[in-house]
Amino acid sequence: MHDASEVQWGFGDITKMNIYVCIKQVPDTETKVKLSSDNNSIDTAGIKWIISSYDEFAIEEALRLKEKNAGSTVTVLSAGPARVVEAIRTALAMGADNGIHVELPETADNNMAAKALAGALKKEAKVDLIFTGKEALDDGAAQVSQLTAEYFGVPVVTVVLNAEYGAASVKCKREIEGGAFEMIETPLPCLIAAQKGMNEPRYASLPNIMKAKKKEVKALKAADVGVSDADQKIRYKNFQLPPPKQAGKKIAGEPAAQAKELVRLLHEEAKVV
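Since the structure is predicted, the reported quantities are computational estimates derived from the model, not experimental observations. (Residues numbered from 1 in each chain as written. Predicted model: local features only at pLDDT ≥ 70, side-chain atom pairs only at ≥ 80, totals over all residues. Heavy atoms only, no water.)

Draft legend 1. Here's a closer look at the pattern of salt bridges. Within the structure shown, the criterion is met by 17 salt bridges. Note that Arg83 and Glu106 form a salt bridge whose closest N and O atoms lie 2.3 Å from each other. With Arg83 in the loop between β5 (73–80) and α2 (85–94) and Glu106 in the loop between β6 (98–103) and α3 (110–122), this pair connects stretches of sequence that are 23 residues apart. By relative accessible area, Arg83 is classed as partly exposed at 23%. Between Glu269 and Lys249 there is a salt bridge, with its nearest N and O atoms 2.6 Å apart. On the criterion of sequence distance, the pair formed by Glu269 in the segment after α6 (255–268) and Lys249 in the loop between β12 (217–221) and α6 is long-range, its members being 20 residues apart. Residue Glu269 is classed as partly exposed on the basis of its relative accessible area, which comes to 45%. By relative accessible area, Lys249 is classed as exposed at 58%. One salt-bridge network, held together by shared partners, links Glu60, Arg64, Glu67 and Arg202. (Salt bridge = Lys/Arg side-chain N within 4 Å of Asp/Glu carboxyl O. Helix = DSSP H or I, 4+ residues; strand = E, 2+ residues; numbered from the N terminus. Buried < 20%, exposed > 50% of the residue type's maximum accessible area, 1.4 Å probe, protein only.)

Draft legend 2. Region of the structure containing the domain arrangement of the protein chain. Each domain of the protein chain was delimited in the assignment, giving domain 1 (4–231) and domain 2 (244–273). Put simply, the middle of domain 1 and the middle of domain 2, counted by C-alpha atoms, are 48 Å apart. (Domains from an automatic or database assignment.)

Draft legend 3. Just the packing of α3 against helix α4 (residues 144–152), in detail. Running from N to C, α3 and α4 point in directions that differ by 45°, and their axes come no closer than 8 Å. In terms of orientation, α3 and α4 fall into the oblique class. Note on packing geometry: the crossing formed by α3 with α4 is right-handed. Of α4, the residues touching α3 (which contributes Asn110, Asn111, Ala114, Lys115, Leu117, Ala118, Leu121 and Lys122) are Val144, Leu147, Thr148, Tyr151 and Phe152. Of the residues in the contact of α3 with α4, the class split is eight nonpolar, three polar and two charged. (Axes fitted to C-alpha atoms, helices over the stretch in contact; angles between N-to-C directions. Parallel < 35°, antiparallel > 145°, perpendicular 65-115°, else oblique. Left-handed = near helix turned anticlockwise from the far one by under 90°. Contact = heavy atoms within 4.5 Å. Nonpolar A, V, L, I, M, F, W, Y, C, P; charged D, E, K, R; others polar.)

Structure representation (structure tokens):
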């Protein structure tokens, strides 16, 4: 472990790179979630979908690396139903060059998604570096990064706050428990899972939004990347919404009486004292 002040972070003078970013489309955090009629999934009608926020750090890091190394390209991948193309278009509007959509069912689990992403990467001519977010906002499982790297056959460093890129390796500063950090160096190609604070993601400009509509998004089926229903290891059922919060109570009277009543309520009803 090292003090952060000991390390100089930045982008080295590297040759042109083929950079890939794996992203997930998730419900907006302000969306009011409703359950399907059978309680085995969420009702997707009326949901506002966004790119998972940790994936935005991954996109930004890839774009900055591209800008420092002329001739590099950034390709964004996402696995899921047809709607995820919208998320890919958003990443293209931020500055990515190409997109790849692997069509998977709405119910696809982390293993199926990771195998699909790795299968799509294997179809590419050359992969130098892969970025992901450290986890998805909707399930918080933090599995896809590691599984994708395993299926693709490259090293992975997760929860990365800073990275120094060289011609053949990457030095990463990753966050661990207790407010400490690890310094890890890994050879290229590899997968880096970004943590909040790695950078400040940019907004898509209007001209880039218009350009994104014309950029290529390659469409792949599950079978094209070697994925089948057998690759789904987890199936969910019997979803339940959190119980509604109880209404607050207002205590009337003089301060002394209010304090006495508050203590009684905390002791007898809330049972916290």
